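Chain by chain, the residues run as shown.
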Amino acid sequence: MVAFSSACAHGSLQRDVTSVDELLRLRIGPIAPPRSEFGAAVESDTINHLLTQPLTAESAVRIALISHPALRATYAELGIARADVVQAALIANPALSLERFTTGRFQEFGIAQSFIDLLSQPMRRRLAEAQLASARLRVADEVFRRVAEVRSSLIEAVSAGQVSDIAERARAAAAASASAATAIHAAGNLLELDLVSERAAASEFQAGAIHARGESQESREQLVRALGVSTTGAALVLPDRLPELPATDPTLDSLVALASASRLDLAAALQDVNAAGKAVGLTSRFRLLPDATLSFAGEGEDGGPYKSGAGFSIPLPLFDRGQARMLRAQSELRVAIARQEALALSVRADVRAAHALLTSARARFEEYRTSVVPLRRRVTEETQLQYNAMAVSVFGLLQARQGELSAGQGYIEAMSDYWKARIQLERAVGRSLP
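If you're wondering where the values come from, they're calculated on a predicted model, not measured in any experiment.

Thresholds applied
Residues numbered from 1 in each chain as written. Predicted model: local features only at pLDDT ≥ 70, side-chain atom pairs only at ≥ 80, totals over all residues. Heavy atoms only, no water. Helix = DSSP H or I, 4+ residues; strand = E, 2+ residues; numbered from the N terminus. Rg over C-alpha atoms; globule rule 2.2 N^0.38 Å. Buried < 20%, exposed > 50% of the residue type's maximum accessible area, 1.4 Å probe, protein only. Contact = heavy atoms within 4.5 Å. Areas by Shrake-Rupley, 256 points an atom, 1.4 Å probe, with all protein chains shown as cover. Lys, Arg positive; Asp, Glu negative; His and termini not counted. Charge placed at Lys NZ, Arg CZ, Asp CG, Glu CD. Salt bridge = Lys/Arg side-chain N within 4 Å of Asp/Glu carboxyl O. pLDDT = per-residue confidence, 0-100. Phe/Tyr/Trp six-rings, centres within 6.5 Å; stacked < 30°, edge-to-face > 60°. Axes fitted to C-alpha atoms, helices over the stretch in contact; angles between N-to-C directions. Parallel < 35°, antiparallel > 145°, perpendicular 65-115°, else oblique. Nonpolar A, V, L, I, M, F, W, Y, C, P; charged D, E, K, R; others polar. Polar contact = N/O pair within 3.5 Å; in protein donor to acceptor, adjacent residues only side chain to side chain.

> Just to check I follow, could you spell out the overall build of the chain for this structure?
Per the secondary structure count, the chain includes 10 helices and 4 strands. Secondary structure of the chain in N-to-C order comes out as α-α-α-α-β-β-α-α-α-α-β-β-α-α. Since a compact globule built from 434 residues should have a radius of gyration of about 22 Å, the 35 Å found for the chain marks it as more spread out than a globular shape. Across its three principal axes, the chain shows a C-alpha extent of roughly 130 × 45 × 40 Å. In the chain, which comprises 434 residues, the share counted as buried stands at 37%. Across the chain, the fraction of contacts at a sequence separation of at least 24, relative to all contacts at a separation of at least 6, is 78%. If you sum the accessible surface of the chain, you get close to 23,700 Å²; carbon and sulfur atoms cover 58% of it. Seen as two clouds, the 47 positive and the 48 negative side-chain charges of the chain have centres 5 Å apart.

Structure representation (structure tokens):
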């Protein structure tokens, strides 16, 4: 029976993990690996193979789901909730007492069993199962949030790499301008003020390139932390550029309705209300009789007749009538209801705020794409023509090029802000957007 109970508990725990994975598949697509199918060697080979390829959102999430210790700890929390269900299904052990007195060899024995434990077992099990359902939802919600963190870290690392490349090109252009200014000043054709200004600009672009390079390195290490792998940020293979924006974004009304149906923490809060209601019912049912036992006892002397009989014991509810237990259960129910209502309001506000941020990020990106970048490119082209006609100096051409590079950097940052805002909106909605 012990082996059978252990096997049933293990099988039920595996079903809990499968249930969580199914909740994730409905929200992040078919990228969550079936965790029970991976041995340690297979997991290691899979991670090593994925790390040799340019990381995508899908492969980064898959690596984190397989390897991150914090995610394994999150999944392990299911075992705690499952243990409560197993414990609730068990009956308390009977108590056996034996006494022997040497003088006269008088003997007594007794066995007692709580029958309130037997009567409350179905309700206790239903309560534990409701709490387990809430635990499944919370575990899935925590995994979903970590998935969003991985995707956001990947976006940040890719965009920081692009910005660093542009900052390096701007630094090179400023350095070239300063070198040209030095040569022209040596020939006596440039004022000292203009030379100092060019050198100051070159130093500022140098500092900007150093800062961008540091930001890129830091974002790579943040990505390593989000992935949960034992490698360095420099060893990661990242895409060359961010993905293009989708043609359209979902409407606000559809997102609010989607969030109400998809948010796992909201579903968990509702399940908490259900569990608290079951706890109130259990406490109310047995508030006057929290414990009682049936017993059978006997006594006698060696060689003499034994006397035996059945009995029972119950606490008399003269002073403690379960008022405190009932007050606690009812208060916990009110707390659960209030938290669920507060979270429902917060969910709608989160969606509206995230959608506003996404709309603003798209508008900013479109301004760079349709206006700022083309105009800066046109300025560079016109300046090139003027330079070819000897109407402007090389400094004017280099400054135009620097302005174009700065516009390109703003373009990348606007694109990055859009994708991070979209991931934030997905977290507010509770599932990936099409």
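Picking up after the structure, the text goes on.
> Help me understand the pattern of salt bridges, please; the structure alone is not making it clear to me.
Two side chains of opposite charge can pair, provided their charged atoms sit close to one another. Throughout the structure, instances matching the rule amount to 25 salt bridges. Of the charged contacts in the structure, one is a salt bridge between Asp-320 and Arg-325, with a shortest N-O distance of 3.6 Å. Here Arg-378 makes a salt bridge to Glu-382, at a shortest N to O gap of 3.1 Å. In this pair, Arg-378 and Glu-382 are both assigned in helix H9 (residues 323-388), 4 residues apart and thus about one turn of the helix distant.

> Mind showing me how you'd approach the confidence of the model for the chain here?
The predicted structure's coordinates, where accompanied by low pLDDT, should not be read in detail. With 92% of its residues at a pLDDT of 70 or more, the chain shows a mean pLDDT of 87. Every residue in residues 1-5 is under pLDDT 50, and counting partners more than four places away or in other chains gives 0 contacts. This model gives residues 36-42 a pLDDT under 50, and the stretch forms 6 contacts once residues within four places in sequence are excluded.

> Sorry if this is basic, but what is going on with the packing of aromatic side chains here?
Two measures describe an aromatic ring pair: the distance that separates the ring centres and the angle between the ring planes. Under the defined criterion, the tally for this structure stands at 3 aromatic pairs. Centre to centre, the rings of Phe-365 and Tyr-411 are 5.1 Å apart; their planes meet at 40°, and the pair counts as tilted. Taken together, the residues Phe-365 in helix H9 and Tyr-411 in helix H10 (residues 394-429) connect sequence positions 46 residues apart. A centroid spacing of 5.5 Å and a plane angle of 80° characterise the contact between Tyr-418 and Trp-419, whose relative ring orientation is edge-to-face. In terms of burial, Tyr-418 and Trp-419 fall into one category: buried.

> Any chance you could explain the packing of helix H5 (residues 115-186) against H10 here in plain terms?
Describing two packed helices takes the angle between their axes plus the distance from one axis to the other. The contact between H5 and H10 brings their axes to 10 Å, and the two run at 175°. Comparing their axes, H10 and H5 come out roughly antiparallel. Per-class residue counts for the contact of H5 with H10 are 19 nonpolar, 8 polar and 9 charged.

> So what exactly am I meant to see when it comes to the side chain of Ser-67 here?
Inspection of the secondary structure puts Ser-67 in helix H3 (residues 57-67). A polar atom in the side chain of Ser-67 sits 3.1 Å from the backbone oxygen of Leu-227. Each residue touching Ser-67, except ones within four places of it in the same chain, is listed here: Ile-47, Arg-72, Leu-227, Gly-228 and Val-229.

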